[in-house]
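# A look at the structure
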Amino acid sequence: MKKGKNEKIVNNLRRLLGHGKVLSSPEDLFCYSYDGTFLYGAPAVVVRPATTREVAAVLKLASAEGIPVVPRGAGTGLSGGAVPVEGSIVLDLTAMDRILEIDTADMLAVVEPGVVTARLHRAAESAGLFYPPDPSSSNVSTIGGNIAECAGGPRGLKYGVTRDYVLGLEVVLAGGEVVVCGGRTVKNASGYDLTGLFVGSEGTLGVVTRAVLRLIPRPETRQTLRADFKAIEQAAEAITAVLGAGVVPSALEIMDDVTIRCVENYLRIGLPLDVEAILLIEVDGPAAALSEQARLIAALCEEHGAVRVRVAQTKEEEAELWRARKAVSPAVVQVKPTKISEDATVPRSRVPALIRAIKEIARKYRLTIAIFGHAGDGNLHPNLLVDKSDPDEMARAEAAIEEIFKAALALGGTLSGEHGIGLLKAPFLELEYGGPGVATMRKIKETLDPYGILNPGKIFGGS
Amino acid sequence: MLESAEEVRYHVNRCSKCGSCREVCPVFLQEGSEPWVARARVQLAGAALEGQLPFSRRLGEIMDACLLCQACVAHCPNGVRVDELVLWARAEGVKRRGLAPAKKVLLRGALPSRRRLALLGRVAALCQRAGLLKSFRGRKLPAFHPLPFTRLFRPAKLEKPSLTVAYFVGCMTQYAYHQTGRAVLKVLEENSVQVLLAGAGCCGMPALAAGDLKTARQLARRNVESLKNLEADFIVTDCATCGEMLKLYGRLLGGEAAKEVAARVQDISYFLVHTGGFLKGKIEVPLVVTYHDPCHLKRGQGVHAEPRQILAGIPGLTLVEMPQSDVCCGLAGSFGFTHPALSQKILKAKVGSIKATKARAVVTGCPSCRLQLASGLAGEGLDLPVFHTVELLAMSYGTESMNMPPKEME
Ligand SMILES: Cc1cc2nc3c(=O)[nH]c(=O)nc-3n(C[C@H](O)[C@H](O)[C@H](O)COP(=O)(O)OP(=O)(O)OC[C@H]3O[C@@H](n4cnc5c(N)ncnc54)[C@H](O)[C@@H]3O)c2cc1C
Ligand code: SF4
Ligand code: SF4
């Protein structure tokens, strides 16, 4: 945006929203130039609307002037979705943070987009209910961001992802029109599934200003086990056996040997260094059924070659088992300062093949890659541990990432299980969908956002 | 002390921008927008370092609105020293823009001179007698004493002390909370520890926090000079902030003397529990209390179990933990006076946590927190006294008068 025009826009926004909700100093703008990735981009102005009407007013102005708008929650995204396009208006939605309703009869919550995920977890829990989607970032991420990225988490295998809990939405379109879709019912077969379309649309089709979210009864209790395997294939066979026996764990996390070594170096809690994989398995449900399930899982793991199985008997032991998994992020950055976290996802049965492929890629490009993630639903997080001040290493990392994507796709998987495409994966979208697939998506984008002002460049690249 | 570009860059580069600090930064939790969170301060420090942004007034404002409470540091998965990056940015700002006139008068005019500080204390006490200066910027002030603690009290000479310590009397004990100083002397005496009074003067933290490295070093050097020759096994403090600052002298000044002094510093509660040992209390103190963890004690010095162990050694006393006992009280040295509204909001949350415990008194290990908590409690019409941990132990030894709070809260 040109300087004169920029000033005019800033003044107009101030008139619309009031001074306190518009930030324009270079220092304030810089604080909105990043998200959870290594990317930066300078916006022209930041606004912090408090109501749907204010969001609509901003979008109306932006479409009239042809200025790009970048919706933003907590800025924890890992694909660059909230990184501003040059000269854009950043729409910080965190001021809209009310939980409007927790309805125990209809078992749903009505929330504004800026509500922090963990706050909803607590509110549901205190009403005896449960909101399952649990990205590791849930203590800070927003519901708006979760919906826009279709966030998942360890509970994905049993409980699904954000998409499975969005009953209805209020969305402001590019021109400022307010659309209400879905509703307060679990079933809804009326017309196109617009709700489903907006979930995972990364702020490119509309701005979510209100959400009706499904809640379910809170499971009575849970139990955790850890199983150590000499070979990744054994771990995979154990997983198949457990699911085949009709037990669906509420979490099924895997850590590979590199990850185990990082965590052990960091925590020194006696993790085995001679195994290829550790599985952390959690079951939840009625207390009466759980110990039987835990016994069955332990037996199946041992049958498939687990060298050690530990079942947590107390809350403390449970916390101790999870401690290793929770420490992965801080542990891996002890090795190198920069970690690039990918989320390649394949059908469950192909997890060992993907892990082998990634290890081969790590060798080829002389990189350290720690692999961990949600083995139960095939969603792995290969973390490339690099030093961003080493250009040679960064170049090798870039090439490795491309190969990882290709490997995941070749195994029948997807580029992203839960982080979205954003800017980082945009160049690869066509690999997954082919020309006609991407063209169909573009048509939807052009129909809903004819001026191309909503988060341009995200998903499709080239703003 | 981060000073070289490499050290600063190292910490900036460690930040993965994960945003986890949004969960804990008290300033952000009140203000709600990104510039007020630790992540932004780290990124701004990086941008200023690389010359992408100037050390502007706005940058200074954002850096100044940090409590240095280290909640982010303790929480950060990557161990980024956000507080040190903020201090670095403040110091760079002062190098370029100079100190604000009011700060200059206070930091360079008053702090380095014990005589002028004493004079200030006396003027404050006289004003209060005339009914003035009971509060400042909306904050109730404690009663100032016309004469400093070290002029009025002398430690007893013990026959066969087990250890000898130098007691570094901080400004707040020196001029306002004489009862803390008396309690420290009594408690150490009861436990056969010989006390020497160290020539008290400002520890330098106010200057360091304001980015005035020059004054901070001047004060540190002076204190090292007076501490290094005392024949004391350890140096004890009753102030969380002084304690953390004294421990920093080695890094701040370099050199053997400063390092040697810094290595001998212990908080009084740490000293009692781990070094000197302490006798359990004798007289019942029938009081339900709650304990506030000062930032500079818990995160600054890793001392949080010790005060609780001391309280557990007092018969009749019950400790009820408040939720989030280690969240900053909002004073953060001069922050409370430069950012009164924000400080009050943070304080209000703290007072809410205290109220939830239904305790009849509050205990803490830092006179600055005490000032803030007392002001916040009084502001809500709550008649809860605030004690330093050692004061309750002294009471239980029967060496302090028991000025007990009223029976019921509210
Ligand atoms: C340490 C860490 C761990 C993580 N773990 C997980 C995990 O386990 N599972 C997982 O799925 N993700 C995870 N993530 C990624 C990230 O937290 C999620 O993608 C999250 O949903 C982003 O939420 P946010 O509020 O930070 O959104 P932002 O990053 O601010 O925005 C993300 C996208 O949503 C859009 N957006 C935001 N709000 C709205 C709105 N109201 N309307 C329309 N568009 C909007 C933005 O334009 C952007 O495209 C993790 C991230 C970090 C840093
Ligand atoms: S300072 Fe630490 S917690 Fe905050 S964003 Fe950076 S890495 Fe994350
Ligand atoms: S030190 Fe405290 S106030 Fe400063 S950035 Fe960290 S958490 Fe926030």
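Residues numbered from 1 in each chain as written. Chains lettered and ligands numbered in written order. Predicted model: local features only at pLDDT ≥ 70, side-chain atom pairs only at ≥ 80, totals over all residues. Heavy atoms only, no water.

### Focus: the site of ligand 1
Around ligand 1 there are 33 residues in total, and Pro71, Gly73, Thr76, Ser137 and Thr142 of chain A lie nearest to it. More than one chain reaches ligand 1: its neighbouring residues belong to chains A and B. A distance of 3.2 Å separates an oxygen atom of ligand 1 from a polar atom in the backbone of Gly145 of chain A. Look at ligand 1: alone it shows 980 Å² of surface, and the protein chains cover 95% of it. Among the elements that line the shell around ligand 1, the one with the most residues is helix H5 (residues 143-149) of chain A, at five residues. In terms of residue class, the shell around ligand 1 is made up of twelve nonpolar, 17 polar and four charged. The residue makeup of the shell around ligand 1 includes at least three contributed by each of domain 1 (3-92) and domain 2 (99-217) of chain A. (Near = heavy atom within 4 Å. Polar contact = N/O pair within 3.5 Å; in protein donor to acceptor, adjacent residues only side chain to side chain. Areas by Shrake-Rupley, 256 points an atom, 1.4 Å probe, with all protein chains shown as cover. Helix = DSSP H or I, 4+ residues; strand = E, 2+ residues; numbered from the N terminus. Nonpolar A, V, L, I, M, F, W, Y, C, P; charged D, E, K, R; others polar. Domains from an automatic or database assignment.)

### Brief notes about the side chain of Ser396 of chain B
By the secondary structure assignment, Ser396 of chain B is in helix H22 (residues 389-397). Setting aside anything within four residues of it in sequence, one finds Ser396 of chain B in contact with Gly281, Lys282, Ile283, Val285, Ile314 and Pro315 of chain B. (Contact = heavy atoms within 4.5 Å.)

### Section: the domain arrangement of chain B
Residue and element names in this part refer to chain B. Partitioning chain B into structural domains gives domain 1 (5-97), domain 2 (114-274) and domain 3 (279-402). Of the residues lining the interface, seven residues belong to domain 1; the matching set on domain 2 comes to seven residues. Both faces considered, domain 1 and domain 2 share a buried interface measuring about 560 Å² in area, 53% of it formed by carbon and sulfur atoms. Along the contact surface separating domain 1 from domain 2 lie one salt bridge. Across the salt bridge formed by Glu84 and Arg251, the nearest N and O atoms sit 2.9 Å from each other. Looking at the side of domain 1 that touches domain 2, its residues break down into four nonpolar, one polar and two charged. (Buried area = accessible area lost by both parts, 1.4 Å probe. Salt bridge = Lys/Arg side-chain N within 4 Å of Asp/Glu carboxyl O.)

### What about a nonpolar patch on the surface?
Residue and element names in this part refer to chain B. Together, Leu132, Leu133 and Phe136 make up an exposed nonpolar region whose accessible area comes to about 260 Å². Note on placement: Phe136 falls in strand S1 (residues 135-136). You can call Phe136 partly exposed: its relative accessible area is 39%. (Patch = residues over 30% accessible without salt bridge, like charges linked within 9 Å, V, L, I, M, F, W, Y side chains within 5 Å. Buried < 20%, exposed > 50% of the residue type's maximum accessible area, 1.4 Å probe, protein only.)

### Focus on the domain arrangement of chain A
All names here are of chain A. Assigned domains within chain A: domain 1 (3-92), domain 2 (99-217), domain 3 (219-327) and domain 4 (335-446). Averaged C-alpha coordinates put domain 3 and domain 4 at centres separated by 25 Å. The interface of domain 3 with domain 4 comprises 16 residues on the first partner and 17 residues on the second. Summing both sides of the interface, domain 3 and domain 4 together bury roughly 1,400 Å²; the carbon and sulfur share of this comes to 62%. Looking at the side of domain 3 facing domain 4, the largest losses of area belong to Ile232, Ile254 and Asp256, adding up to 31% of the total buried there. In this structure, the connection of domain 3 to domain 4 is made through four salt bridges.

### Some remarks on the interface of chain A and chain B
Contacts between chain A and chain B engage 29 residues on the former and 27 residues on the latter. With both chains or domains summed, chain A and chain B bury close to 2,200 Å², and 54% of this area falls on carbon and sulfur atoms. Three residues, Glu27, Phe30 and Tyr34 of chain A, lead the burial of chain A against chain B; their summed loss comes to 27% of the area buried on that side. In this assembly, chain A and chain B are joined by one salt bridge. A salt bridge links Asp28 of chain A to Arg58 of chain B, with the nearest nitrogen and oxygen atoms 2.8 Å apart. Our count for the contact surface shared by chain A and chain B stands at eleven residue pairs in polar contact (both at pLDDT 80 or more). When residues in the side of chain A that touches chain B are grouped by element, the largest group, four residues, is from helix H2 (residues 26-30) of chain A. Partitioned by chemical class, the residues of the side of chain A that touches chain B number 14 nonpolar, nine polar and six charged.

### Quick look at the nonpolar core
Counting residues in each nonpolar core, the largest one holds 147 residues, and the members touching the most others are Tyr167, Leu188, Leu208, Met245, Leu272 and Leu392 of chain B. Formed by 60 residues, the second largest nonpolar core is a distinct cluster that contains Val242, Val346, Val351 and Leu354 of chain A. (Core = buried A, V, L, I, M, F, W, Y, C linked by side-chain atoms within 4.5 Å.)

### Describing the site of ligand 2
All names here are of chain B. All residues adjacent to ligand 2 are Cys15, Ser16, Lys17, Cys18, Gly19, Ser20, Cys21, Arg39, Cys76, Pro77 and Asn78. Among the cavities detected, the one that contains ligand 2 is the largest cavity. The residue inventory of the shell around ligand 2, partitioned by class, reads five nonpolar, four polar and two charged. (1 Å grid on protein atoms, 1.4 Å probe; cavity = no way out; pocket = protein on both sides within 12 Å on 5 of 7 lines; lining within 4 Å. Sits in = over half its atoms within 2 Å of the grid points.)

### Thoughts on empty space enclosed by the protein
Residues and elements named next belong to chain B. On inspection of all chains with the given rule, the structure shows four cavities of 30 Å³ or more. By volume, the largest cavity amounts to about 110 Å³. Taken together, 16 residues form the lining of the largest cavity, with Cys15, Cys18, Cys21, Arg39 and Cys76 sitting closest to its centre. It is helix H3 (residues 38-49) that contributes the most residues to the lining of the largest cavity, three residues altogether. Among the residues forming the lining of the largest cavity, the class breakdown is ten nonpolar, four polar and two charged. (Points joined across faces, edges and corners; volume = space filled by probe spheres on them.)

### As for unusual backbone geometry
All names here are of chain B. Of note, the phi angle at Leu68 is positive, near 55°, even though the residue is not glycine. A relative accessible area of 11% means that Leu68 is categorised as buried. One non-glycine residue, Gln324, lies in the positive phi region at around 50°. Mapped onto the elements, Gln324 comes out in the loop between strand S8 (318-319) and helix H19 (335-338).

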